[in-house]
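Coordinate inspection notes
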Amino acid sequence: MNGATKDTDRKRPRYISDRKGFFSAEQAERTRKRSREMEKKVRTRLSSAKGRAKALAYFDELMRYDGVRAVELKEFREKGGKVVGTLCVMVPLELIEASGAKHIRLCSGYYEPVHPANELLGDAGLCPLVKSTLGSKMVSSDPLVDMADMVAGPATCDGKMKLAEMLEDWVPVVMMNLPRVKLGGTSSELWLNEVLHLKRKLSELTGRKVTKKALVERIRKWNEASELWNKVCDLRKGKDPPISGQDAMLVVQASQSDDIDRWVVKVRELLKELEEKVRSGGSVAEKGSARILLMGSPMIYPNFKIPSIVEESGGSIVTDELCTGFRLMADPVLLDDLSEKEIYSALADRYYFPCSCPCFSPNDERLTRLFNAITTFGVDGVVFHSLRGCHLNNLEATKIELALRERGIPMVKLESEYDEGDVEQVRTRVEAFVEMLKARRKK
Ligand code: SF4
Ligand code: SF4
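Residues numbered from 1 in each chain as written. Chains lettered and ligands numbered in written order. Predicted model: local features only at pLDDT ≥ 70, side-chain atom pairs only at ≥ 80, totals over all residues.

1. Focus: the site of ligand 1
Quick reminder of the rule: As used in this record, a residue near a molecule or strand is one whose C-beta atom, placed from the backbone, is within 6 Å of it. Under this grouping Gly is polar, as are all residues other than the nonpolar Ala, Val, Leu, Ile, Met, Phe, Trp, Tyr, Cys and Pro and the charged Asp, Glu, Lys and Arg.
Inspection of the region around ligand 1 gives Cys88, Val89, Thr156, Cys157, Lys160, Pro298, Cys323, Cys357, Pro358 and Cys359 as its neighbouring residues. Counted by class, the shell around ligand 1 contains eight nonpolar, one polar and one charged residues.

2. Here we look at the packing of helix α6 (residues 128-138) against helix α7 (residues 158-167)
A pair of packed helices is captured by two measures, namely the crossing angle of their axes and the spacing between those axes. Where we set the bar: For every element, the axis is a line fit to its C-alpha atoms; helices are fit only across the contacting stretch, and the angle between N-to-C directions ranges from 0 to 180 degrees. Helix and strand assignments follow DSSP, with helices taken as H or I runs no shorter than four residues and strands as E runs no shorter than two, numbered in order from the N terminus. Roughly parallel means an angle under 35 degrees; roughly antiparallel means over 145; roughly perpendicular covers 65 to 115; every other angle is labelled oblique. A pair of residues counts as a contact when their C-beta atoms, built from backbone coordinates, are within 7 Å of each other.
At a minimum axis separation of 10 Å, α6 and α7 run at an interaxial angle of 10 degrees. Between α6 and α7, the interaxial angle falls into the category roughly parallel. Listed contacts from α7 to Val130, Thr133, Leu134 and Lys137 of α6 are Gly159, Lys160, Leu163, Met166 and Leu167. Each residue belonging to the contact of α6 with α7 can be placed in one class, and the counts come to five nonpolar, two polar and two charged.

3. Observations regarding the sheet that holds strand β3 (residues 150-154)
What counts, and what does not: Two strands qualify as a pair provided DSSP detects at least 2 bridges between them.
The parallel open sheet is built from four strands, whose spatial order is β2-β1-β3-β4. The two strands at the open ends of the sheet, each matched to only one other strand, are β2 (102-105) and β4 (173-176). Between one strand axis and the next, the sheet turns through 25 degrees on average, direction left out of account. Looking at chain direction, strand β1 (residues 83-86) and β3 are connected through three bridges and run parallel. Bridge pairing links glycine 85 to valine 151 in β3. Those strands touched by helix α8 (residues 187-206) are β3 and β4, and its axis lies near 170 degrees from that of β4.

4. Quick word on the site of ligand 2
In the region of ligand 2, 13 residues are neighbours, and Cys127, Cys157, Gly159, Ser297 and Cys390 sit closest. Elements with a contribution of two residues or more to the shell around ligand 2: α6, α7 and α15 (391-406). The class makeup of the residues in the shell around ligand 2 is eight nonpolar, four polar and one charged.

5. A short note on the sheet that holds strand β6 (residues 315-321)
Remark on secondary structure: sheet strands pair via backbone hydrogen bonds, oriented parallel or antiparallel. Read across the sheet, four strands follow the order β6-β5-β7-β8 without closing on themselves; strand pairing throughout is parallel. The open sheet terminates on both sides in strands that have one partner only, identified here as β6 and β8 (411-416). Put simply, the sheet's adjacent strands are angled 30 degrees from each other on average, direction ignored. The pairing of strand β7 (residues 381-387) with β8 spans six bridges and is classified as parallel. Within β8, the residue paired with valine 382 across the bridge is methionine 411. The strands that helix α16 (residues 423-442) touches are β5 (290-296), β6, β7 and β8; relative to β8, the one it contacts most, it runs at about 170 degrees.

6. A look at the nonpolar core
Most often, soluble globular proteins keep nonpolar side chains buried together rather than apart. Applied cut-off: The nonpolar core criterion groups buried Ala, Val, Leu, Ile, Met, Phe, Trp, Tyr and Cys residues into a set whenever they are joined through C-beta atoms within 7 Å. Neighbour density around each residue's C-beta defines its exposure: 20 or more other C-beta atoms within 10 Å make it buried, 12 or fewer make it exposed, and counts between make it partly exposed, where C-beta atoms are placed from the backbone.
Counting 132 residues, the largest nonpolar core has Leu95, Ala148, Val151, Val232, Ile292, Leu293 and Val383 as its most contacted members. Examining the composition of this core, we find that eight residues originate from one element, helix α9 (residues 212-234), more than from any other. Contacts of leucine 95, omitting those with residues within four sequence positions, involve Val195, Leu198, Lys199, Leu202, Val210, Leu215 and Leu347.

7. Some details on the confidence of the model for the protein
Close inspection of predicted coordinates is inappropriate in any region flagged by low pLDDT. Cut-off, in case you're wondering: Confidence of the predictor at the level of single residues is captured by pLDDT, which takes values from 0 to 100.
In the predicted model, the protein carries a mean pLDDT of 94, and the fraction of residues at 70 or more is 96%. Below pLDDT 50 for its whole length, residues 1-5 participates in one contact with residues either more than four positions away or in separate chains.

8. Side note on unusual backbone geometry
Each neighbour pair has its own omega, and for tyrosine 301 with proline 302 the value is 5 degrees, a cis peptide bond. With respect to the element layout, proline 302 can be found in the loop between β5 and α12 (305-312). Geometrically, the link from serine 361 to proline 362 is a cis peptide bond, its omega value of 5 degrees lying close to zero. Relative to the elements of secondary structure, proline 362 occurs in the loop between α13 (340-350) and α14 (364-376).

Written as C-alpha cells, this is what we have:
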C-alpha cells in the first residue's frame, strides 16, 4: 500500500451537502428562469440572422435550455441507461458510446448559476465557467447537467480539477491524470493507462464490456463526423463564408451531447445547403468584413457574447483556435492497425497529442494550429479572449501576441465575465480593432 487514496476511501460529501438548505427554492427557481431567458434570447438572435441556413434550426432545438436532448436522455435513463458528463475535450467520446452509455458536456455557458457558486466558495477570482458549472449542479438549474450518472474529468487547469472534486459530492467522478508536459517518452503511455482506466470504470457503470467491434464501429462514426466537420469549415476559407462563426460553434458544440449518428445526418444536410449557398454566391458576412480568427478561453453556448460582438461589429469569424470550436472535432483517430492495443493507443493519441489546450507545456501545437489557420483561412486579425480568472489563457496570450507580432498579424486581447456588464466596453474595443483591420487591408 503506497498511501494513495483509493476510490472507496473517499468520504462524501466534502463541499456542499452539509449546507443543504443553504439555497432556497426561490433562488433555484430564479436561476432556472434566468438561464432559460438567457438561452432564449441568444437562440432568437442567432435564428433571426440574415441568410442563415435553414438546416441550422435542428441545432437550435437541440441546444435549447429545455430541448429535446434532455427529454431523450431522461427516457434513456428511465430504461436503465447511463449518462456520462465530460468536463474537458480530452475524454474519448467513442469509448463512452462503445460502453453503451451516452455523453453530455457539463461545462456551462449560463451566467446566473455563477451566483450560488460564489456564495458557497467566496472566490471572486475563480473562472466563471467553473463557477457556473458548479452552480448549475448546486441548484439543479441545467436539465442536461442533472442527467450525469458519472463524470469524467481530466486534470487540466486548477479550476477544472477542483470542480471535478467538488462534483463528487453528487456523482461518482473518474479523475483522469492528464500528463501536462508532453515532452519525454512517458506521457503517451501514462495517458493510455488513464484511458484504459476510464474504460474499466465505464464497464462498471453500464455493466457492459467494451468490445473491440463496438469501439471500432464508434471510432469510424466519429471519424465520419470529423470529416464532415472539416468540410463545413473548409467552406469558410472562401471569400463568402456561408456560415457565421457563432453558428459553426453551435453545430460543433451540439456534437458533444447529441446522438452522433443523428448529428452526422443533420450536418450532411447542412453541408449540402451550405455548398449550394457558396455556388450561388451567398454569404452571411457583409462585403468587406474583416476576417477574424477567434481564440482563448472556451465560449460555451449560450455564452456567445464575444463572437456576437465581433460579428455585429463588421468582423467575420472565419475560423477559431478554441476547445469549443474547430479543434473539438478537427482530428480523426488514425486507425492503421486493428489490434486491440493499437486501437486504444490510436484513440488515446487522438485526444492527447493534437490537443492545444493551454494546460499543456510547451504547447507548441497551439502556435502550429494558429499559423496554419491564419494562412489557409486568409485571416486579417486575431481576437484573443480570456475569461476573468483564466490564468492559462491569460499567460498564453503574451506568447501568442509576440509570435503574431513577429509575423505582422494584429491581435486584440479581451477579458470578459459571465454577465452583460462589460458588453459596451468590449464592443468599443472590437469596433476599433475591426476598423483598423479594414483600413489596413485597403492599403
Ligand atoms: S481550455 Fe483546456 S482546460 Fe479549459 S475548458 Fe478547454 S480543454 Fe478544458
Ligand atoms: S476557462 Fe480557463 S480557467 Fe476556466 S476552465 Fe477553461 S482553462 Fe480553466
